[in-house]
Amino acid sequence: MTTMGDAWILVQTPELTMLAATLVLAFVHIFLPAAGRTMANGLVWNAGARDGVPQRPGVITERLERAQANMWETLPLFIGAVLIAHVTGKTGDLTFWGTQAFFWARVVYIPVYALGIPMVRSLIWLVAMGGLVAIFAALFS
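Predicted, not measured: the structure shown is a model, and the values here were computed from it.

Caption draft 1: Seen up close, the pattern of salt bridges. Applying the stated rule across the entire model yields 2 salt bridges. The closest approach of N and O atoms between Glu 65 and Arg 37, which form a salt bridge, is 2.7 Å. On the criterion of sequence distance, the pair formed by Glu 65 in helix 4 (residues 59–88) and Arg 37 in helix 2 (residues 14–41) is long-range, its members being 28 residues apart. With relative accessibility at 25%, the residue Glu 65 sits in the partly exposed group. Between Arg 56 and Glu 62 there is a salt bridge, with its nearest N and O atoms 2.6 Å apart. For Arg 56, a relative accessible area of 64% corresponds to the exposed category.

Caption draft 2: Region of interest: the side chain of Arg 106. Following the sequence through the fold, Arg 106 ends up in helix 5 (residues 93–115). No salt bridge is formed by the buried Arg 106; the nearest opposite charge belongs to Glu 73, separated by 7.3 Å. A polar atom in the side chain of Arg 106 sits 2.8 Å from the side chain of Asn 70. In contact with Arg 106, not counting residues within four places along its chain, are Leu 25, Ala 67, Asn 70, Met 71, Thr 74, Trp 125 and Ala 128.

What counts as what
Residues numbered from 1 in each chain as written. Predicted model: local features only at pLDDT ≥ 70, side-chain atom pairs only at ≥ 80, totals over all residues. Heavy atoms only, no water. Salt bridge = Lys/Arg side-chain N within 4 Å of Asp/Glu carboxyl O. Helix = DSSP H or I, 4+ residues; strand = E, 2+ residues; numbered from the N terminus. Buried < 20%, exposed > 50% of the residue type's maximum accessible area, 1.4 Å probe, protein only. Lys, Arg positive; Asp, Glu negative; His and termini not counted. Polar contact = N/O pair within 3.5 Å; in protein donor to acceptor, adjacent residues only side chain to side chain. Contact = heavy atoms within 4.5 Å.

Dropping the structure here:
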């Protein structure tokens, strides 16, 4: 039987803590472009049936939508890899640094993508992917 105290200890492993933080970040990814669309089309449109063609939300909101889509592409891989590492006891330096790299790169990715900074966005994405690869490497070591 699991108690609330056991659940708290479970989340206190570094990898699961970073997984929880990444899930919060994914939640942020939902609201940033939604706020931009609401600003462009109004609260009544956003709260309604959204019939008709909405106004283009603006370049920053469109970038935030693409950043969100990019997060959704990698998030299932991250979740699965972290959970498998935890369940199989394959956590260690690779998973610790991999989860850190993935999360912090994804945090920095949002404003860099929104501002449209070329090349830097791709380098940040590579850091996040490197973190994911580190977690995968731990699973097979």
